[in-house]
Amino acid sequence: MRRENSIWKNIDWLTIILFLTLAIMGWLNIYSAIYTPELDQSMFDFQYQPGKQFTWICFSVITISSILVIDFNFFFKVPYLFYIVILVAIVLVLSPLGVSVGGNRAWIDLKFMRFQPAEFAKLAVALSIAKFIDSTTKFRYGLNKDTMKVLGIIFFVPILILGVQKDTGSALVFACFIVVLFLDGLSFVIPLVGIVLAGIFVSSLLVNPVYLILGIIGFCQLFLFFFIKKVKSELWVWSLATALWVGALAFSQYIELNVLYLIAGEVTVVITMLVFFLLRDKSTLVVSTLCIALVLSSIPLSTDYILNDILQPHQKKRIEVMINPESDPKGVGWNVIQSKTAIGSGGLWGTGYQQGTFTKGDYVPEQHTDFIFCTIGEEHGWVGSITVITLFMILLIRLLLLTNRQRSRFAKIYGYSVFSILFFHFMINIGMVIGLLPVIGIPLPFFSYGGSSLWAFTIMIFIFIKLDMHRTQILARG
Amino acid sequence: MNERTRISIVIILLVLVSSIFLTRLFFLQVKSTEYKIKATKVTTIKKDVYPYRGIIYDRYGKLLVYNTTVYDLQMVLKKAKIPDTARFCELLGIDKEHLLKETAKAKKLFRYRVPHPLIKQMSKERYAKVQDIFDYEGFEFVPKLVREYPHGSLANTLGYIAEINAREKAKSDTTERYYKRGDYIGKKGLERTYERELRGIRGVNYILRDVHGIEKGRFADGRADTLAVAGYNLQSTINLSLQQYGEQLMVNKIGSIVALEPSTGEILSIVTSPSYNPNLLAGENFSKNYNVLQKDSLKPLYDRATRASYPPGSIFKLVQALIGMQEGVLKPNTYFTCDRSLVGCHGHPSPLNLHQSIQHSCNPYYYKAFKKILNQKLDAKNQFIDTRLGYEKWRKHVLSFGLGQKLGSDISHEKGGAVRKTSFYNKWYGENRWKVSTIYSNAIGQGELLVVPIQMANLAAIIANKGHYYIPHTIKSIGDSTVKLKRFMEKQYTTVDSSHFQLVHDAMEDVIKAGTARRAYHKDIRICGKTGTAQNPHGEDHSVFIAFAPKDDPKIAIAVYVENAGYGGTWAAPIASLMIEKHLNDSISRPYLEKYILEGDLIKK
Ligand SMILES: [Zn+2]
């Protein structure tokens, strides 16, 4: 009895309250997005999406209870089996059991319900890598078999999803496991390089490459100045380079500079500096910084090549649209223009619940699924946006902090996974809706209409809450 | 790098992403107005609300024209389900080709979710029959207002409404910029004259529309909408039963009847024949019916009562007599012989005085009278100049009788006939090259004189009023106002003193009693009239008659003009007489006369 009590005392009510708040807000929003005054539909009418979503919520409640009641050891036992079941389910989408919704064959029809295996795949991967790393003795990140196995577990699923469903969005989310591995101890260099490269790539689409290159070199020069003492002893070399840099910047404002000339000039300066330092002092940090400057500077120049020769036409289109939605106002750009207009029309306070003209008018495609954030933006304005984004932030930070207090590696890795998955969905979805990221069709957790997604997120969070409840016991077990 | 640092980095990343989002959203939602403007533009459309067009009553409150509901059957292609095409077509009374044609048209216009009219302007009766058993999905009956005429009369005077054309729109835009393409506008008749009064003021509804163009309710719950203001109802001066009677009498005859109330200038009835049923131009078949009517050789769309210019014939002798008296060249006891060497005449006592000249309509008498009027020795030396000066004087008198120019009634497209200026004859014969014998035909209402039937009726009214008239009009009151338009209340005086009219009244009474129009005689009504037979070089002469009655308190002045009907007393006079009796007594005491007229077919003859 005492033990039971202590477990219930251990439950993290804040997470549960945040979860319930978001879930209820999401459900009300779907009702509003679907709501048409003429139909007089009830929120509970099973015929319509809000009603369906409500039954999913009920379903989730049953699931929550089961998760909280069953023995926590269960979650240590099932991951691999679950992983295999999900892989099979993903393939089964192609079988007669599979059904298409909106042209996307991603569902399995089990007669009493339909579910989307891809939504559960993230959960399966999270549990599996947690179990694998936890159960592998002396697991270390590096160029070793174990790390490769982890990466294999992670990336096999999105590759399979891509192969079976050709659904880029669902596959892309698996990139979030990089964050999991980083949090767990993977060297920061890899994700950092990735982020910097991607950042420069995207920036080069938005900013004149001349300024971008000047920016990169300027940044490296500052880095040299502040962090490497040896540079200060040879200050005149550095000053010369800086003077050239300032000159180029000043010059670039007045004359349409040919990028190649600029690069040639800068490269000359950097190489001169490089040679100079190499001869005088073999400081690896200085050398590597300068090399990085050279490599980074070359990215903006390769952007065109990547855009034109590596990416598929539809991917290219999405990137173009992200940069300039007006370039394709009837195609992919349509969603972005419409969603921005819908959100923009909300103002500070919004048009009021169920008063969104855009929402009512079906102007934004996928309004109740991927573009559900429009409804919040339009009907509740900037205040509504702040509320939702803040709630997500609190939930995410709470999840991180809870994870940090886990003693077992299994719970830790699993907790980081839940965080990372939610974070990615949150970032990519809202970024897409407000036109900051390309249109990638992934749902906003708890808000987007879709039973599988809601159910999967619920299970994901509650397994973590369950693990958190038993954190002392799990340690004892270890 | 320990775990704590890693978590901090990720939290910073999370906060950074959230801040970028909120900043971006701040600019989208709070700072920028671009999206708000764009949003209202995309989602709100202005929809016009058409006002109820004013209706028109006759002088006793009977409906002349009102609005009726018809139904457009609209089809939403995406939802439309017709499991049994044969039954569907039979129910609606359409053929399969029509259904296929309209479906193809809707597809061509990409009207899948937007309603497309399958049947336009289905009648109320048909709708009532179909409505209960019509159970097809994806169809909707949409009510619409069209003009309807419960009587089928008065078509040319009431006119019609139809879609505005580019020329009319351009013209209207110079003053008010009200009409839009596709709007209906009064094209003819009263619908045109009183367009502004009848049409009302359009309202605007701001409608929220979804991306497919389907309506989703009112913008701001209708607070921004403006209401449509219904048009004014008009009360007409027309006596509908007299009108219908006149139209009946004129069946199978070409010509017109105009009856006025002399004391007010109100038009009691205005018949043009042949005419058409005004309902033909009110419904869905406007263009089809219009084309048929336009091609008809008898020109039913031609309003003879206000547009056909005829030689007035002998009725003009009344004007000559009055001018002669006013000028002092004719006295009641001025006798002339019926000298048929000057101009032809017919059997009657001779010589005769002024009274008898009217009673017997003597042509040579008026030849001589005309000469006396024109040659008053204003220029003793030159007969040509003398004639011209006399003609100018004479013309001024004639114009004061409302002849030679438009009367200015409220019937659209009215014509004014012709009383030629001296410049006309100067051009024709050369200056100072013409004298009375050159233009003598004018003496007896032939020659270059042209008069429109409504002017003839007005002439009868002038004589009944002994020298003045009110501009003939068909509308008594507009909306709640009981005051007439100002121009219809102003007395118009002739240049002839009222003292000269008594002789004419007496002579006109004798025309009926013992003169040329004995067929118009009624034992209880003292009718004063004058026949005319206008020579027609193209065929049988036109039969003319003007009259007023009762003699001592004229209640009706009338002009009847029947084309190719021969002598004025034969057809025109009895028709006028019947009309007078109908208006005054509301019954007919001479069925034989009525039968004679009704059976008279002057077209097939
Ligand atoms: Zn005679």
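On a predicted model such as this, the values are computed, not experimentally measured, just so you know. (Residues numbered from 1 in each chain as written. Chains lettered and ligands numbered in written order. Predicted model: local features only at pLDDT ≥ 70, side-chain atom pairs only at ≥ 80, totals over all residues. Heavy atoms only, no water.)

A. Up close: the overall build of chain A. If you tally the helices and strands in chain A, you get 22 helices and 3 strands. Of the contacts made within chain A by residues no fewer than 6 positions apart, 69% connect residues no fewer than 24 positions apart. As presented, chain A carries roughly 21,500 Å² of accessible surface, and 68% of it is formed by carbon and sulfur atoms. (Helix = DSSP H or I, 4+ residues; strand = E, 2+ residues; numbered from the N terminus. Contact = heavy atoms within 4.5 Å. Areas by Shrake-Rupley, 256 points an atom, 1.4 Å probe, with all protein chains shown as cover.)

B. Spatial organisation of the overall build of chain B. The helix and strand tally for chain B stands at 21 helices and 18 strands. Out of the 605 residues in chain B, the part that is buried amounts to 54%. Of the contacts made within chain B by residues no fewer than 6 positions apart, 69% connect residues no fewer than 24 positions apart. In the form shown here, chain B has an accessible surface area of approximately 27,400 Å², with 52% of it arising from carbon and sulfur atoms. (Buried < 20%, exposed > 50% of the residue type's maximum accessible area, 1.4 Å probe, protein only.)

C. Just the sheet that holds strand β18 (residues 556-562) of chain B, in detail. All names here are of chain B. One open sheet accounts for 5 strands, arranged β12-β11-β18-β17-β16; its pairing is antiparallel. For this open sheet the edge positions go to β12 (266-273) and β16 (528-534), each flanked by a neighbour on one side alone. The average undirected angle you get between the axes of adjacent strands in this sheet is 5°. One ladder, built from 6 bridges, connects strand β11 (residues 255-261) with β18; its direction is antiparallel. Paired with V258 across the two strands is A559, which belongs to β18. Along the sheet face, helix α10 (residues 240-249) touches β11, β12 and β18 and points at about 25° away from the line of β12. Strands in contact with helix α18 (residues 453-464) are β11, β12, β17 (542-549) and β18; relative to β18, the strand with the most contacts, it is inclined by about 145°. (Pairing = 2+ DSSP bridges. Axes fitted to C-alpha atoms, helices over the stretch in contact; angles between N-to-C directions.)

D. Representation of unusual backbone geometry within the structure. Put simply, S350 of chain B and P351 of chain B share a cis peptide bond, and its omega is -5°. The residue F446 of chain A is not glycine, and still its phi comes out positive at about 70°. Here F446 of chain A lies in the loop between α20 (409-433) and α21 (451-469). Classification of F446 of chain A as buried rests on a relative accessible area of 1%. Phi is positive for K299 of chain B, which is not a glycine, with a value near 50°. Mapped onto the elements of the fold, K299 of chain B is located in the loop between α11 (286-295) and α12 (304-307). K299 of chain B sits in the partly exposed class, given a relative accessible area of 49%.

E. Region of interest: the coordination of the zinc ion. All names here are of chain B. Each protein donor to the zinc ion is listed here as C338 (SG), C345 (SG), H348 (NE2) and C362 (SG); together their distances run 1.9 to 2.4 Å. Relative to the metal, the 4 donor atoms surrounding the zinc ion lie at angles of 101 to 124°, and the coordination shape comes out tetrahedral. Each donor residue of the zinc ion belongs to the same chain, and together they define the spacing C-x6-C-x2-H-x13-C. A residue pair is termed long-range when its members are at least 10 positions apart, and C338 in the loop between α13 (316-327) and α14 (354-360) and C362 in the loop between α14 and α15 (363-374) qualify at 24 residues. Taking relative accessible area as the criterion, C338 reaches 14% and is therefore assigned buried. (Donors = N, O, S within 2.8 Å, 3.2 Å for Na, K, Ca; no water. Tetrahedral: all angles 85-135°; square planar, octahedral: opposite > 155°, others 65-115°.)

F. The pairing of β18 of chain B, seen in detail. All names here are of chain B. Burial runs high along β18: 7 of the 7 residues are buried. Neither face of β18 is exposed, since I556, I558, V560 and V562 on one face and A557, A559 and Y561 on the opposite face are all buried. Examined bridge by bridge, β17 and β18 share 7 bridges and lie antiparallel to one another. Within the sheet, the bridge partner assigned to S543 lies in β18 and is V562. Hairpin connection between β17 and β18: a loop of 6 residues separates the two successive antiparallel strands.

G. Quick look at a positive patch on the surface. Together, K101, K105, K108 and K120 of chain B line one region of the surface with positive charge. If one sorts the elements of the positive patch by residue count, helix α4 (residues 96-108) of chain B sits on top with 3 residues. (Patch = residues over 30% accessible without salt bridge, like charges linked within 9 Å, V, L, I, M, F, W, Y side chains within 5 Å. Salt bridge = Lys/Arg side-chain N within 4 Å of Asp/Glu carboxyl O. Lys, Arg positive; Asp, Glu negative; His and termini not counted. Charge placed at Lys NZ, Arg CZ, Asp CG, Glu CD.)

H. Molecular detail of the packing of α13 of chain B against helix α16 (residues 383-399) of chain B. Residue and element names in this part refer to chain B. Between α13 and α16, the least distance of the axes is 10 Å, while the angle of their chain directions is 120°. Taken together, the axes of α13 and α16 are oblique relative to one another. The crossing of α13 and α16 is right-handed. Two secondary-structure elements touch here, α13 through F316, V319, Q320, I323, Q326 and E327 and α16 through K393, W394, H397 and V398. Across the contact of α13 with α16, the residue classes break down as 5 nonpolar, 3 polar and 2 charged. (Parallel < 35°, antiparallel > 145°, perpendicular 65-115°, else oblique. Left-handed = near helix turned anticlockwise from the far one by under 90°. Nonpolar A, V, L, I, M, F, W, Y, C, P; charged D, E, K, R; others polar.)

I. The packing of α20 of chain A against α21 of chain A, seen in detail. Residue and element names in this part refer to chain A. Between α20 and α21, the least distance of the axes is 10 Å, while the angle of their chain directions is 150°. Considering the angle they form, α20 stands roughly antiparallel to α21. When you trace α20 past α21, the crossing you get is left-handed. Of the residues in α21, those touching α20 at F410, A411, Y414, G415, V418, I421, L422 and H425 are F457, I459, M460, I461, I463, F464 and L467. Here the residues of the contact of α20 with α21 sort into 13 nonpolar, 2 polar and no charged.

J. The arrangement of helix α7 (residues 145-165) of chain A in detail. All names here are of chain A. Between its first and last C-alpha atoms α7 spans 30 Å; for 21 residues at 1.5 Å apiece the expected length is 30 Å, and the two agree. At F155, α7 shows its largest bend, some 30°, and a proline, P158, comes one to four positions later. Within α7, the full set of buried residues consists of T147, V150, I153, I154, V157, P158, L160, I161, V164 and Q165. (Expected span 1.5 Å × (residues − 1). Bend = angle between axes of the 7 residues up to and from the residue.)

K. The environment of R105 of chain A, seen in detail. Within the element layout of this structure, R105 of chain A appears in strand β2 (residues 104-109). Placed 11 residues apart in sequence, R105 of chain A and Q116 of chain A show a C-alpha to C-alpha distance of 9.4 Å.

L. Seen up close, the packing of aromatic side chains. All names here are of chain B. Evaluated as defined, the whole model comprises 42 aromatic pairs over all chains. Ring centres 5.1 Å apart and planes at 85° place the aromatic pair Y178 and Y179 in the edge-to-face group. Note on Y178: relative accessible area 16%, which makes it buried. Y179 gets classed as buried once you look at its relative accessible area, which sits at 6%. An aromatic cluster is defined as three or more aromatic residues linked by ring pairs; in this entry it consists of F316, F370, Y391, W394, F424, Y425, W428, Y429 and W434. For R199, the ring lying beneath its charged end belongs to Y178, and the centroid distance is 3.8 Å. (Phe/Tyr/Trp six-rings, centres within 6.5 Å; stacked < 30°, edge-to-face > 60°. Lys NZ or Arg CZ within 6 Å of the ring centre and 35° of its normal.)

M. Broad picture of the confidence of the model for chain A. Residue and element names in this part refer to chain A. In this model, chain A carries an average pLDDT of 74, and 64% of its residues clear a pLDDT of 70 or more. Mean pLDDT across the elements of chain A ranges from a minimum in helix α18 (residues 357-360), with 58, to a maximum in α20, with 90. Considering only residues more than four positions removed or in separate chains, one finds that residues 37-41, a stretch of pLDDT under 50, has 9 contacts. (pLDDT = per-residue confidence, 0-100.)

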